[in-house]
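# Breakdown of the fold
Below, each chain spelled out in residue letters.
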Amino acid sequence: MPRQQNEDIAMLNVETATRAAVAQEPLFPTPAGVFAQTVTKVCHYTDRLFRFRITRPDSFRFRSGEFVMIGLPNAEQPVFRAYSIASPSWDEELEFFSIKVPDGPLTEHLQKIAVGDTVLMRRKPTGTLVNDALLPGKRLYMFSTGTGIAPFASLIRDPETYEKFAEVVLTHTCRDVAELKYGQDLVADVLRDPLVGEFAAGQLTHYTTLTREPHPRMGRITDLMVSGQFFADLGLPAIDPAQDRGMICGSINMLRDTKHILEGFGLIEGSNNAPASFVVEKAFVD
Ligand code: A2P
């Protein structure tokens, strides 16, 4: 190789290395009580949905189904939003499934992250979509719309869920086919997983519906429950408070309507302090 070309390549490498070093240099100090983590994977599904993974701090513990506050190191006082952790509590990394809101204070910037970037995460996880907030039961219904599937992505990868419930029904309603892909890939992975695959094969049902594009099952989960179609499709009796439990995650309106229906079946809302027959968490971010 001619000498000049070699030098050009060497120069290019130096420039790349310098740019990388500059990119790593934080512009703002990391706020107290916050971990600064590195993005390890980003996957865009549609112009509204994407998934990302970050490194997990050694000291960070959480229960499958909990959420954490996420932000970016782009201001002295960064904007934080609640994100359900989509990976199970035993995973080495942390996964999140996010909406992209045009002009959203956080997601407008978050949707542009790339591998190697820094994401901030407050140290304390919390949340009610945890097995501990439910009384024991036979069947667990997980109702989700859009990115509301995230906490269930964590819970269906946790063996404890299958120890506690003989049957797990995950419902996911989206606008169109492309929005279902995250959940479909997730369930396929779970079925192949050496830790939980065998449990999931025998105990997990994935029930998908669409509202704005043709699909074998159409309609909002709320309407399908009210009409009885949902139970007929699954070959199950209507929800029975003696043995059925529920978890709900989606938009504010979806939570309100689904909660109302579960209460109509006689289920009672629980919390970490007072476990009962269903729990609710909003998955709305901007
Ligand atoms: P629809 O298309 O009829 O609005 P979004 O992305 O807007 O949160 O919607 C995700 C899915 O949740 C869509 O299929 C949407 O149906 C559905 N959905 C919206 N509101 C409700 C609700 N109140 N109850 C049940 N499903 C809902």
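Structure: above.
An account of the accompanying structure is given in this report. (Residues numbered from 1 in each chain as written. Predicted model: local features only at pLDDT ≥ 70, side-chain atom pairs only at ≥ 80, totals over all residues. Heavy atoms only, no water.)

## Re the packing of aromatic side chains
Aromatic rings in a pair are described by how distant their centres are and how their planes are angled relative to each other. Just so we agree on the cut-off: The aromatic pairing rule takes the rings of Phe, Tyr and Trp, using the six-membered ring of Trp, and pairs them if the centres are within 6.5 Å, calling planes under 30 degrees apart stacked, those over 60 edge-to-face and the rest tilted. Secondary structure follows DSSP: runs of H or I at least 4 residues long count as helices, runs of E at least 2 residues long count as strands, and numbering of each begins at the N terminus. Note on criteria: charge over ring means Lys NZ or Arg CZ within 6 Å of the ring centre, with the direction from the centre no more than 35 degrees off the ring normal.
Scanning the model with the defined rule gives 16 aromatic pairs in all. Measuring from centroid to centroid gives 6.2 Å for Phe 52 and Tyr 83, while their planes differ by 70 degrees, and the two rings are edge-to-face. Taken together, the residues Phe 52 in strand β2 (residues 49-55) and Tyr 83 in strand β4 (residues 81-84) connect sequence positions 31 residues apart. These aromatic residues form a ring-pair network of at least three members: Tyr 141, Phe 143, Tyr 207, Phe 230, Phe 231 and Phe 265. The side chain of Arg 122 reaches across the aromatic face of Phe 80, ending 4.0 Å from its centre. We note Arg 123 situated over the ring of Phe 35; from NZ or CZ to the ring centre the distance is 4.2 Å.

## Structural notes on the pairing of strand β1 (residues 34-44)
For the record, the criterion: Two strands qualify as a pair provided DSSP detects at least 2 bridges between them.
Here β1 pairs with strand β6 (residues 118-122) via five bridges, running antiparallel. Residue pairing in the sheet places Ala 36 in a bridge with Leu 120 of β6. Note that β1 and β2 share five bridges and pair antiparallel. Bridge pairing links His 44 to Phe 50 in β2. Once β1 ends, the chain turns through four residues before running back antiparallel as β2.

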